[in-house]
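In case you want the letters, here they are:
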Amino acid sequence: MTVVSLPGQDWIDDVGPVDGLELVPWTMDGPPEDRADEIRFVVPPYMGAGKRIGALAHAPAVEFVQLLSAGYDDVLAQLPDGVALANAAGVHDASTAELAVGLALASLRGIPGFVLAQREGRWTSPGLLPALADKRVLVLGYGSIGRAVVQRLLPFEVEVTAVASRQREGDDLVETVHGVDELPELLPRHDVVVVIVPLSDATRGLVGAEFLAAMPDGALLVNVARGPVVDTDALLAETSSGRLLAALDVTDPEPLPPDHPLWTSPGVLISPHVGGATSAFRPRAVRLVRDQLEAYAAGQPLRNVVHPG
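In this report, we go over the structure that sits alongside the text. (Residues numbered from 1 in each chain as written. Predicted model: local features only at pLDDT ≥ 70, side-chain atom pairs only at ≥ 80, totals over all residues. Heavy atoms only, no water.)

1. Description of the overall build of the chain
From N to C terminus, the chain includes 10 helices and 14 strands. Taking 309 residues into account, the globule formula puts the C-alpha radius of gyration at 19 Å, and the chain, at 21 Å, falls close to it. With respect to the three principal axes, the spread of C-alpha positions in the chain is 65 × 50 × 30 Å. Sorting the 309 residues of the chain into buried and exposed places 49% on the buried side. Nonlocal contacts in the chain, meaning residues at least 24 apart in sequence, comprise 57% of its contacts between residues at least 6 apart. Accessible surface, the chain: about 14,900 Å² in total, of which carbon and sulfur atoms supply 52%. (Helix = DSSP H or I, 4+ residues; strand = E, 2+ residues; numbered from the N terminus. Rg over C-alpha atoms; globule rule 2.2 N^0.38 Å. Buried < 20%, exposed > 50% of the residue type's maximum accessible area, 1.4 Å probe, protein only. Contact = heavy atoms within 4.5 Å. Areas by Shrake-Rupley, 256 points an atom, 1.4 Å probe, with all protein chains shown as cover.)

2. A closer look at the side chain of Thr161
For Thr161, the location among the structural elements is in strand β7 (residues 159-164). In this structure the side chain of Thr161 is engaged in a polar contact, spanning 2.7 Å, whose partner is the side chain of His190. Excluding its chain neighbours within four sequence positions, the residues that come into contact with Thr161 are Val137, Leu138, Val139, His178, Leu186 and His190. (Polar contact = N/O pair within 3.5 Å; in protein donor to acceptor, adjacent residues only side chain to side chain.)

3. Quick notes on the sheet that holds β7
Sheet architecture is open: eight strands sit in the order β8-β9-β7-β6-β10-β11-β12-β13, paired in mixed fashion. This sheet does not close on itself; its edge strands, each paired only once, are β8 (168-169) and β13 (268-270). Relative to β13, strand β12 (residues 245-248) runs parallel, the two being bridged by three bridges. Bridge pairing in β13 places Leu248 opposite Ile270. (Pairing = 2+ DSSP bridges.)

4. Some points on the nonpolar core
Counting residues in hydrophobic clusters, the biggest one holds 31 residues, and the most contacted among them are Val137, Val139, Val149, Leu153, Val194 and Val222. The set of elements that each furnish at least two residues to this core consists of α4 (93-108), β6 (136-140), α6 (144-153), β7, β10 (192-195) and β11 (220-223). With eight residues, α4 is the single largest residue contributor to this core. Once you skip the residues sitting within four places of it in the chain, Val137 turns out to touch Leu132, Leu153, Val158, Glu159, Val160, Thr161, His190, Val192 and Val194. Counting residues in each nonpolar core, the second largest holds 29 residues, with Val197, Leu221, Ala246 and Leu262 among its members. (Core = buried A, V, L, I, M, F, W, Y, C linked by side-chain atoms within 4.5 Å.)

5. Some thoughts on the environment of Val158
Position of Val158 relative to the elements: it lies in the loop between α6 and β7. On the accessibility criterion, Val158 (13% relative accessible area) is buried. With 51 residues separating them in the primary sequence, Val158 and Ala209 have C-alpha atoms 26 Å apart. Look past the residues within four positions of Val158 in its chain and what remains in contact with it is Leu132, Asp134, Lys135, Val137 and Leu153.

6. Concerning the packing of aromatic side chains
Using the criterion set out here, one finds four aromatic pairs in the structure. With a centroid separation of 5.1 Å and an interplanar angle of 25°, the aromatic rings of Phe41 and Phe64 are classed as stacked. Here the residue Phe41 occupies a position in strand β3 (residues 39-42), and Phe64 occupies one in strand β4 (residues 64-66), the gap between them amounting to 23 residues. Both residues of the pair, Phe41 and Phe64, count as buried. Members of the aromatic cluster, each reached through a chain of ring pairs, are Trp11, Tyr46 and Phe281. The ring of Trp11 carries Arg282 above its face, with NZ or CZ at 3.9 Å from the centroid. (Phe/Tyr/Trp six-rings, centres within 6.5 Å; stacked < 30°, edge-to-face > 60°. Lys NZ or Arg CZ within 6 Å of the ring centre and 35° of its normal.)

Next up, the structure:
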């Protein structure tokens, strides 16, 4: 039978038996304990896959890697020749979209300030705070997670604009998907910008000084993509002056050093890259892995292939 490694015995138990495949545990913290020369399909652990992918050198027969994350930039550069790669597109849609909306709400409604006041036992009177309702929201990156963000935003009575790498027809949620080349004219008309693009050569530093300068005074940037998509120095210049707000689940550098000025910059809310780390992850990930293994065993095409090997 074809040998497949999963991140642990708990994953083997949850995925269950698949005809034609033998499932073995491998955390990829070192060489496989058994069947190293026979493993053909590998599912790395969700956290730290990029740091573990070098362990594939101990499994020379591997031909396919199934990630449990949507992002794969840190894995692709280290992938051995001839090994195909799939990501977990769809698995993190609900969790990441929830956080994007949660960060926007928390920032606009002044939640960080309330938390600080609570610690001090101080009843604050902040006056009139901005609502998410009636805001014009631009979602930059209209893939599966971007679409999930829009689905959750619409009930808040907002006006949503979707932007992708190129212009295309809309769907049941948005009339049109605008191209990234339209950003200079779109940004000044939006109060909130949610960034959920993959990290690539085209998107690294995309949200730079020119991008941020085009956003109107008081606008909010929400980054649930990857830290290097945003130019940190350019963002600091805008938040330090108080002109823009930012809610960031990802930063550059990451982890953010304790003395980094982003921690204390006015109007910046930071969560420690937890977009996909919720109870919604496991059942969706298990379903994806089982579907992929069944397709693999049957010789059928696999989903979410981002690198054909």
